[in-house]
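Chains, contacts and geometry: an overview
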Amino acid sequence: KFMKKIMRKYFSITLVVLLCILNATSTMAASSRYSRAVASYQRYMRMQNGRYRIVDIDGNGIPELLAHTWRNEVYTYNPKTGKMVCVGAIAYGKGYNMPIVYSKTSHTVMISSYNTGGSVREIYKINGVKFRRLVEAEAFNGKFDNGYKVNGKRVSQYTYNKSISRYMKKPINFNVR
């Protein structure tokens with residue numbers, strides 16, 4: 001009996017030590033991926049004229065880059081290839097610097113452009129290095145057209161607003177100013 005108790009204690013201690021080592025290793029790997037992504041984004045932004053924010057929108061430990069250059073840009077980072085991946089970009093219309101809006105709750109980001117005829121908003125869902133455009137919402141101000149469109153279909157103002165708010169839970173603005 002005494003020997004069984006000692007063996008059980010030895011096994012338990014060994015298991016705890018092994019789990020601690022494995023946990024530390026995975027944390028270091030995640031930290032390393034995060035650091036490599038940040039370094040890649042900073043290299044890119046040194047060649048650009050603009051402001052940026054680095055934030056982990058999808059909570060996977062690898063941040064995304066939100067950039068205000070001559071356009072609104074969103075990038076994620078592929079740790080396997082070591083390269084930035086463009087999620088979406090939209091040029092400013094008429095010099096308006098529109099905020100980039102993101103939601104950590106919904107894992108989404110919205111980029112916008114305003115021009116003489118109205119506005120365009122694109123919402124992307126980010127999941128690691130994978131992403132997809134969920135919504136392209138257009139609002140026309142009467143200069144060339146009137147009304148609203150979501151993903152190419154004419155809709156009411158209510159449907160337009162609901163289409164945006166559906167994917168932007170607890171939105172956070174990143175303004176250029």
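Residues numbered from 1 in each chain as written. Predicted model: local features only at pLDDT ≥ 70, side-chain atom pairs only at ≥ 80, totals over all residues. Heavy atoms only, no water.

Summing up the model confidence of the protein chain, the mean pLDDT is 84 and the portion of residues at 70 or higher is 83%. Within the protein chain, the lowest mean pLDDT, 71, falls on helix H1 (residues 2–46), and the highest, 96, falls on strand E10 (residues 153–155). The model gives residues 24–29 a pLDDT under 50, and that stretch makes 0 contacts with residues more than four places away or in other chains. (pLDDT = per-residue confidence, 0-100. Helix = DSSP H or I, 4+ residues; strand = E, 2+ residues; numbered from the N terminus. Contact = heavy atoms within 4.5 Å.)

On to the sheet that holds strand E2 (residues 64–68). Judged by pairing direction, the sheet is antiparallel, and its 4 strands sit side by side in the order E1-E2-E3-E4 without closing on themselves. Each having just a single partner strand, strand E1 (51–55) and strand E4 (83–91) make up the two edges of the open sheet. In this sheet, neighbouring strand axes are inclined to one another by 20 degrees on average, regardless of whether the strands run parallel or antiparallel. Here strand E3 (residues 71–78) pairs with E4 via 8 bridges, running antiparallel. (Pairing = 2+ DSSP bridges. Axes fitted to C-alpha atoms, helices over the stretch in contact; angles between N-to-C directions.)

With that out of the way, let us pick up the pattern of salt bridges. This model, assessed by the stated rule, comprises 3 salt bridges. We note a salt bridge from Arg 133 to Glu 136, for which the minimum N-O separation is 3.9 Å. Residue Arg 133 is classed as partly exposed on the basis of its relative accessible area, which comes to 43%. Linked through salt bridges whose partners overlap, the residues forming this network are Glu 122, Arg 133 and Glu 136. (Salt bridge = Lys/Arg side-chain N within 4 Å of Asp/Glu carboxyl O. Buried < 20%, exposed > 50% of the residue type's maximum accessible area, 1.4 Å probe, protein only.)

Right, let's get into the environment of Gly 59. As for its position among the elements, Gly 59 is in the loop between E1 and E2. Between the alpha carbons of Gly 59 and His 107 there is a distance of 7.9 Å; along the sequence they are 48 residues apart.

Take unusual backbone geometry next. Residue Asn 151 is not a glycine yet carries a positive backbone phi of 50 degrees. By the secondary structure assignment, Asn 151 is in the loop between strand E9 (146–150) and E10. One non-glycine residue, Lys 170, lies in positive phi territory at about 50 degrees. Mapping Lys 170 onto the fold places it in the loop between helix H2 (157–167) and strand E11 (172–174).

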